[in-house]
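Residues per chain, in single letters:
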Amino acid sequence: AWQQTGEREFQATWHAFKFDANRTHVGNQRAIFRVTTSADGNSLSGVGVGTTYTLDGKLVEAETAEGPFEGTRISVVERYTK
């Protein structure tokens, strides 16, 4: 989920499931981001915090990450056809 908070600025939340090697659901992950896009819309940068939780909702401290990130828009290289 995301929402615009300013000109070219966004707040976003991402959720994912975590599985072990046997494909058993063992927890959940959540990341919260603050993102700024470039004026041309082709790159972004920001900061985020990623956290991992057990199935019963307890924070896994060893799997918490925080820091900056950046990205560049990629282009579609070919059209998918059946």
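As a starting point, this report considers the structure included with it. (Residues numbered from 1 in each chain as written. Predicted model: local features only at pLDDT ≥ 70, side-chain atom pairs only at ≥ 80, totals over all residues. Heavy atoms only, no water.)

## Thoughts on the side chain of Ser38
The cut-off we apply is this: Put simply, DSSP marks the helices as runs of H or I at least four residues long and the strands as runs of E at least two long, and each gets a number from the N terminus on. Here a polar contact is taken to be a pair of N or O atoms separated by no more than 3.5 Å, where protein atoms must pair a possible hydrogen donor with a possible acceptor and residues adjacent in sequence count only if both atoms sit in side chains. The contact rule is simple, with two residues in contact once any of their heavy atoms fall within 4.5 Å.
Counting through the fold element by element, Ser38 comes out in the loop between β3 (25-37) and β4 (43-54). A polar side-chain atom of Ser38 sits 2.6 Å from a polar atom in the side chain of Asp40. Setting aside anything within four residues of it in sequence, one finds Ser38 in contact with Arg8 and Ser43.

## Let's talk about the pairing of β3
Convention followed: Whether two strands pair comes down to DSSP finding at least two bridges between them.
When strand β2 (residues 9-19) meets β3, the two strands line up antiparallel, connected through eleven bridges. Counted as the bridge partner of Lys18 is Gly27 from β3. In textbook terms, the turn of a hairpin is the stretch between consecutive antiparallel strands, and for β2 and β3 this stretch comprises five residues, one of which, Arg23, has a positive phi near 65°. Here eleven bridges tie β3 to β4, and the two strands are oriented antiparallel to one another. Bridge pairing links Phe33 to Gly48 in β4. Once β3 ends, the chain turns through five residues before running back antiparallel as β4, passing Gly41 with a positive phi of about 75°.

Just geometry here; none of it tells us what the structure is for.
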